[in-house]
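Descriptive analysis of the structure
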Amino acid sequence: MKIIINQLCLIMAILAIATGCGRADSSQSEALEVQEGIDIEKNPLAAIQKVIEIGSQVNNDDLANREPVQPVSFKELLDYLPQTPQGWDALEPEGETNSFGDYSISQVSRAYTQDNKKMEVSIFDWAFNSALYTPFILSTEFSQESTTGYNKGIKINDMPGREEYTYQNKKGSLNLLVNSRFLVRIEGQNIEDRELREWWQRLDSNSLSKINTK
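All of the points below concern the structure found in this document.

Thresholds, definitions, all that
Residues numbered from 1 in each chain as written. Predicted model: local features only at pLDDT ≥ 70, side-chain atom pairs only at ≥ 80, totals over all residues. Heavy atoms only, no water. Helix = DSSP H or I, 4+ residues; strand = E, 2+ residues; numbered from the N terminus. Buried < 20%, exposed > 50% of the residue type's maximum accessible area, 1.4 Å probe, protein only. Contact = heavy atoms within 4.5 Å. Core = buried A, V, L, I, M, F, W, Y, C linked by side-chain atoms within 4.5 Å. Pairing = 2+ DSSP bridges. Polar contact = N/O pair within 3.5 Å; in protein donor to acceptor, adjacent residues only side chain to side chain. Salt bridge = Lys/Arg side-chain N within 4 Å of Asp/Glu carboxyl O.

1. Side note on the environment of Leu176
- Turning to its location among the elements, Leu176 is positioned in strand β10 (residues 171–178).
- On the accessibility criterion, Leu176 (0% relative accessible area) is buried.
- With sequence-adjacent residues up to four places away left out, Leu176 is seen in contact with Phe136, Ile156, Met159, Pro160, Gly161, Phe182, Leu183, Val184 and Trp200.

Right, here's the structure in full:
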């Protein structure tokens, strides 16, 4: 049954990629090491081979079989949201912890504005819930780009993620999974695509990865 679930997750992740295209201050100032996923249209054979490889890895991955844990309080996560950069305004941060049967998730977010620009940074504690992180990790291996924008799987300093951007409305998002547990989501409107990664560097992911994971 677990193998079937993982295969369904993989199919959903790839379908999402195929249809989705087109749509603490400077504590990590070092250069980012970025790797991009396989472009499905440019290299379909490599994509197929990657599907086979990932399917085998997922079915034998200790992380996929790990028991979920209790998430940290959203009150603790609030401390990891970026400070307001100079020249920007920020709304009050928001947070909550929700339970779904045997699972719980904590999340926090904060919106920042500068003239017509808007950035929103969110942090989710997925608490090792494989139903959430397994499809996401699978999706980070594949990419697609067109004249309207791009939707690419990436790794930044070995952290898996997805980056999306549309050229016409200058809207984009960057999602990265920290320590196989905390999803950081950065969403921007009226921005240049480089600004997504600039905001990622404003967040102290090193400290976030060291949160107690017992």
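Picking up after the structure, the text goes on.
2. Overview of the nonpolar core
- By size, the foremost hydrophobic cluster in this structure holds 28 residues, and its most contacted members are Leu77, Ile123, Val184, Ile186, Trp200 and Leu208.
- Going through the elements one at a time, β5 (103–114), β6 (117–125), β8 (149–156), β9 (159–166), β10, β11 (182–189) and α5 (194–201) are the ones with two or more residues in this core.

3. Comments concerning the environment of Pro85
- Within the secondary structure, Pro85 sits in the loop between α3 (74–77) and β3 (89–90).
- Separated by 114 residues in sequence, Pro85 and Trp199 have C-alpha atoms that sit 9.6 Å apart.
- Other than its neighbours up to four places away in sequence, Pro85 contacts Tyr112, Trp199 and Arg202.

4. Let's talk about the pairing of β8
- Summarising burial for β8: seven of the eight residues are buried, a large majority.
- Where strand β7 (residues 142–145) lies against β8, three bridges are found, and the strand directions are antiparallel. Bridging from a neighbouring strand, Ser143 pairs with Lys152 of β8.
- Joining the antiparallel neighbours β7 and β8 is a turn of three residues.
- Sheet topology note: the β8/β9 ladder contains eight bridges and is antiparallel. Residue pairing for β9: Lys155 is matched across the bridge by Pro160.
- Where β8 folds back onto β9 in an antiparallel hairpin, the turn is made up of two residues, including Asn157, whose phi is positive at roughly 50 degrees.

5. Overview of the side chain of Ser104
- Here Ser104 shows up in strand β5.
- There is a polar contact of 2.9 Å between the side chain of Ser104 and the side chain of Ser99.
- In contact with Ser104, not counting residues within four places along its chain, are Gln70, Pro71, Asn98, Ser99, Asp125 and Ala127.

6. What to know about the pattern of salt bridges
- Scanning the entire structure with this criterion turns up five salt bridges.
- One salt bridge in this structure joins Glu163 and Arg197, with 2.8 Å as the shortest N-O distance. One end of the pair, Glu163, is in strand β9; the other, Arg197, is in helix α5, and 34 residues separate them in sequence.
- By relative accessible area, Glu163 is classed as buried at 1%.
- Between Glu198 and Arg194 there is a salt bridge, with the nearest N and O atoms lying 3.0 Å from each other. You can see Glu198 and its partner Arg194 sitting in helix α5, four residues apart, about one turn around the helix.

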